[in-house]
Amino acid sequence: MNINSPKKVKILILASGNGSNAENIINYFRDKFYQIDWRIISNNSKAGVIEKSKKLNVPFQILNKDQFNSNSALIEIKKFNPSLIILAGFLLKISENIIEKFSDKIINIHPSLLPAYGGKGMYGMNVHNKVIENLEKESGITIHYVNKNYDEGKIIFQKKLTIRYPCSSEELSKNIHDLEMEFFPKIIEDLIKVLNNE
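Everything numeric in this text was worked out from a predicted model, so none of it was measured.

With that settled, the discussion passes to the overall build of the chain. A tally of helices and strands in the chain yields seven helices and seven strands. Along the chain, helices and strands appear, N-terminal first, in the series β-α-β-α-β-α-α-β-α-β-α-β-β-α. Against the globule reference of 16 Å for 198 residues, the chain gives a C-alpha radius of gyration of 17 Å, in line with a compact fold. Principal axes of the C-alpha set define a box for the chain whose edges measure 55 × 40 × 30 Å. Burial statistics for the chain: of 198 residues in total, 46% are counted as buried. Intrachain contacts of the chain at a sequence separation of at least 6 include 71% that bridge at least 24 residues.

With that settled, consider the packing of helix H1 (residues 20-28) against helix H7 (residues 169-195). At a closest axis distance of 9 Å, the pairing of H1 and H7 adopts a crossing angle of 45°. Our classification of the angle between H1 and H7 gives oblique. Crossing hand, H1 versus H7: right-handed. Residue-level inspection shows Ser20, Asn21, Asn24, Ile25 and Tyr28 of H1 in contact with H7, the latter providing His177, Glu180, Met181, Phe184, Pro185, Lys186, Ile188 and Glu189. Split by residue class, the contact of H1 with H7 holds six nonpolar, four polar and three charged.

Conventions adopted
Residues numbered from 1 in each chain as written. Predicted model: local features only at pLDDT ≥ 70, side-chain atom pairs only at ≥ 80, totals over all residues. Heavy atoms only, no water. Helix = DSSP H or I, 4+ residues; strand = E, 2+ residues; numbered from the N terminus. Rg over C-alpha atoms; globule rule 2.2 N^0.38 Å. Buried < 20%, exposed > 50% of the residue type's maximum accessible area, 1.4 Å probe, protein only. Contact = heavy atoms within 4.5 Å. Axes fitted to C-alpha atoms, helices over the stretch in contact; angles between N-to-C directions. Parallel < 35°, antiparallel > 145°, perpendicular 65-115°, else oblique. Left-handed = near helix turned anticlockwise from the far one by under 90°. Nonpolar A, V, L, I, M, F, W, Y, C, P; charged D, E, K, R; others polar.

Interpretation in functional terms is not warranted from these geometric data alone.
Shown next, in the form of structure tokens:
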């Protein structure tokens, strides 16, 4: 092995839905010079991310809400022992036992410029509907560490966009999604470089 080869990094992705962010992140690293061991866990047995994980040849696991609210999910995650845990459209609140064990290793992306439009129930179209309803001049994405409070962890990165009216919630959602696709993998790469002491 090349002495300059990067260390192996274990990355766990938690996803509840379609898995477009998860797929985009994994594909971003396909041609990169990193050794990454991927794993996907979903709380939704019907989530689109499951089919995507099969297509990507990434191991996946289903853990339900009760398992996440007990020690079961923590036990399973500890078996994998991830260097990073990425929330990619994961709708359950992360339990404090997981946060304590993996402090400063869990990151999330939020579709607004936190602290604006964060908190319980503020996800997806709920966020965009409120932003448009309030005629905000800008919105964007926030990538942040996860702590015990919804959307209150330390901010790692933000990217703004200007809202040009007339603009629907659906149009804003698409524009925000484009930012997620572009920047989430890049910020994860920055964090991997730190793990590899680059």
